Amino acid sequence: MAIFLCKGCNHTQEVDNKHINKKAKCPKCEYIVTVYDTVPVLKNILKRYHELNFKLKDTENKLTKIENLNNDIIKNNSIHDIDIHNTKSLMHKERYLPIVKWFKDQNIKVKFTTESIDTTGFFDEVALLLGDNYSLF
Ligand SMILES: [Zn+2]
């Protein structure tokens, strides 16, 4: 059997082999398409399906690895191992949500910006140096 596969409305139907490689008008939307032998069409669809399925599995694996890596970072990075003056670790919601909750429990409204709890960078080190040597000033 041959297949009529409309590119205009996705109407699909089997047609007699005598229509293979001929143009035909879609009975639903009147779009003109070429009729093909069913087996090569099916092979192309399956090939594309397997390619997309492979990409999907690959993407799911990458996503799982990223999620596992994030969880490992959070698990293995206990609060005692953090250099509080030079870390982005506080930006994980698992770290700062208890603080947000504490403020909420105290009926204190706070606006939280995760960027402000990134303590990496030059200025924190300068502030520490200044703080440690405050008596000099
Ligand atoms: Zn159609």
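Residues numbered from 1 in each chain as written. Predicted model: local features only at pLDDT ≥ 70, side-chain atom pairs only at ≥ 80, totals over all residues.

Focus: the overall build of the chain
Counting secondary structure elements, the chain contains 3 helices and 5 strands. Ordered by position in the sequence, the α and β elements of the chain form the string β-β-β-β-β-α-α-α. In summary, the chain has a C-alpha radius of gyration of 31 Å against a globular reference of 14 Å for 137 residues, an excess of more than 25%. Expressed as lengths along the three principal axes of its C-alpha atoms, the size of the chain is roughly 95 × 30 × 30 Å. For the chain, with 137 residues in total, the buried portion stands at 3%. A fraction of 37% describes how many contacts in the chain between residues 6 or more apart in sequence connect residues 24 or more apart. (Helix = DSSP H or I, 4+ residues; strand = E, 2+ residues; numbered from the N terminus. Rg over C-alpha atoms; globule rule 2.2 N^0.38 Å. Buried ≥ 20, exposed ≤ 12 C-beta atoms within 10 Å, placed from the backbone. Contact = placed C-beta atoms within 7 Å.)

Comments concerning the sheet that holds strand β1 (residues 2-5)
Strand order in this open sheet of 3 strands is β2-β1-β5, and the pairing throughout is antiparallel. Two strands in the sheet have a free side with no partner beyond their single neighbour: β2 (12-15) and β5 (36-37). Pairing between β1 and β5: 2 bridges, direction antiparallel. Residue pairing across strands places I3 opposite Y36, the latter belonging to β5. (Pairing = 2+ DSSP bridges.)

Considering the domain arrangement of the chain
Considered domain by domain, the chain is made up of domain 1 (2-58) and domain 2 (80-136). Computed from C-alpha atoms alone, the centre-to-centre distance between domain 1 and domain 2 is 59 Å. (Domains from an automatic or database assignment.)

Focus: the environment of P27
Mapped onto the secondary structure, P27 falls in the loop between β3 (23-25) and β4 (32-34). Exposure remark for P27: the 11 C-beta atoms within 10 Å place this residue in the exposed category. Remark: the alpha-carbon pair of P27 and N70, spanning 43 residues in sequence, is separated by 54 Å.

Remarks on unusual backbone geometry
Within the chain, N21 stands out as a residue other than glycine whose phi angle is a positive 65°. Among the secondary structure elements, N21 is positioned in the loop between β2 and β3. A positive phi angle, close to 70°, is found at E30, a residue other than glycine. Topologically, E30 is positioned in the loop between β3 and β4. The exposed category is assigned to E30, around which 10 C-beta atoms lie within 10 Å.

Quick notes on the pairing of β2
Two strands pair when backbone bridges link them, and β1 and β2 are joined in this way by 4 bridges, in the antiparallel orientation. Counted as the bridge partner of F4 is Q13 from β2. The hairpin turn running from β1 into β2, its antiparallel successor, is 6 residues long, and N10 in that turn takes a positive phi close to 70°.

A short note on the environment of V110
Within the secondary structure, V110 is located in the loop between α2 (93-105) and α3 (122-132). For the pair formed by V110 and V15, sequence separation is 95 residues and the distance between their alpha carbons is 68 Å.

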